[in-house]
Amino acid sequence: MGASAERVTAALRRDVLAGDLPPGARLTEASLVERYGTSRVPVREALRALAGEGFVELRPNAGARVADVPVDDLADLYAVRVVVEEITAGRCARRVADGDADGVVEELTAIVDAGFAALADGRAADGAELNTRFHDAVARLSRSASMAMVLRRVAERIQWAYATTVPQQGQRAWTEHRRIVTAIASGDQAGAADLMRRHVENSRRAFRPAHRC
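Model, not experiment: these values are computed from the prediction.

**A closer look at the pattern of salt bridges**
- Summed over all chains, the structure comprises 22 salt bridges.
- Residue Arg35 pairs with Asp15 through a salt bridge whose shortest N-O separation is 3.1 Å. Here Arg35, found in helix α2 (residues 29-36), pairs with Asp15, found in helix α1 (residues 3-17); they are 20 residues apart in sequence, far enough to count as distant.
- The partner of Arg172 in a salt bridge is Glu176, with the nearest N and O atoms 2.9 Å apart. Linking Arg172 with Glu176, this pair stays in helix α8 (residues 170-185), spanning four residues, or about one helical turn.
- Look at Glu176 and you get buried, because its relative accessible area is 12%.
- Salt bridges sharing common partners tie together Glu86, Asp194, Arg197, Arg198 and Glu201.

**Digging into unusual backbone geometry**
- The backbone of Asp102 shows a phi angle near 50°, a positive value even though the residue is not glycine.
- Counting through the fold element by element, Asp102 comes out in the loop between α4 (74-97) and α5 (104-121).
- When its relative accessible area of 63% is taken as the criterion, Asp102 is described as exposed.
- The residue Arg143 is not glycine, and still its phi comes out positive at about 65°.

**Things to note about the pairing of strand β3 (residues 63-66)**
- Summarising the sheet, strand β1 (residues 26-27) and β3 pair through two bridges and their orientation is antiparallel. The residue bridging Arg26 from the neighbouring strand is Arg65, located in β3.
- Here strand β2 (residues 56-59) runs beside β3; their pairing, made up of four bridges, is antiparallel. The residue of β3 that forms the bridge with Glu57 is Arg65.
- Counting the residues that bridge the hairpin from β2 to β3 gives three residues, and of these Asn61 lies at a positive phi of roughly 65°.

Here is what the cut-offs are and how they apply
- Residues numbered from 1 in each chain as written.
- Predicted model: local features only at pLDDT ≥ 70, side-chain atom pairs only at ≥ 80, totals over all residues.
- Heavy atoms only, no water.
- Salt bridge = Lys/Arg side-chain N within 4 Å of Asp/Glu carboxyl O.
- Helix = DSSP H or I, 4+ residues; strand = E, 2+ residues; numbered from the N terminus.
- Buried < 20%, exposed > 50% of the residue type's maximum accessible area, 1.4 Å probe, protein only.
- Pairing = 2+ DSSP bridges.

Next comes the structure, spelled out in structure tokens:
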């Protein structure tokens with residue numbers, strides 16, 4: 001895939017995950033060419049790539065559309081996410097305990113501070129992006145490439161479900177993020193893992209009522 005196609009793929013994925021292109025929305029080549037300022041070839045490659053990821057449906061003789069959110073898979077997705085994020089938070093704390101912090105606490109604290117600022121200013125879109133950045137950073141800073149890869153795939157689908165159905169869980173989420181960072185900063189591996197597990201489970205419970213409506 002060329003650089004232009006990669007750029008369009010990333011932009012289209014971002015707009016689908018954010019709910020800017022809602023489930024069922026038609027995706028014509030002409031509209032996407034105009035939206036992303038590119039030609040038809042990168043658009044076609046992006047549509048094929050996102051169809052392979054499950055975000056887009058390519059229908060014979062009917063064009064492309066944004067796929068339906070996989071809400072029925074959420075229980076399984078959360079079961080995987082809980083395990084992965086327990087591990088990554090614990091490993092970040094272990095790095096601190098082992099004296100191998102290397103900016104871990106500083107980076108996570110900066111993201112949490114930015115998240116609270118976005119919340120105070122009513123910048124929901126920035127808050128959602130920072131939330132994703134926080135969890136990605138914990139995974140990356142854990143230095144487990146395999147866990148980071150699994151989390152990225154799982155979290156994208158959970159983020160997609162939330163963006164199209166549930167308002168941001170701002171104050172609760174950022175308060176819990178702050179507690180996780182505090183545990184990591186103290187090198188408390190078990191505490192960081194437990195706080196992350198409870199955080200993910202709280203997010204799962206927050207989704208349920210909206211799903212039933």
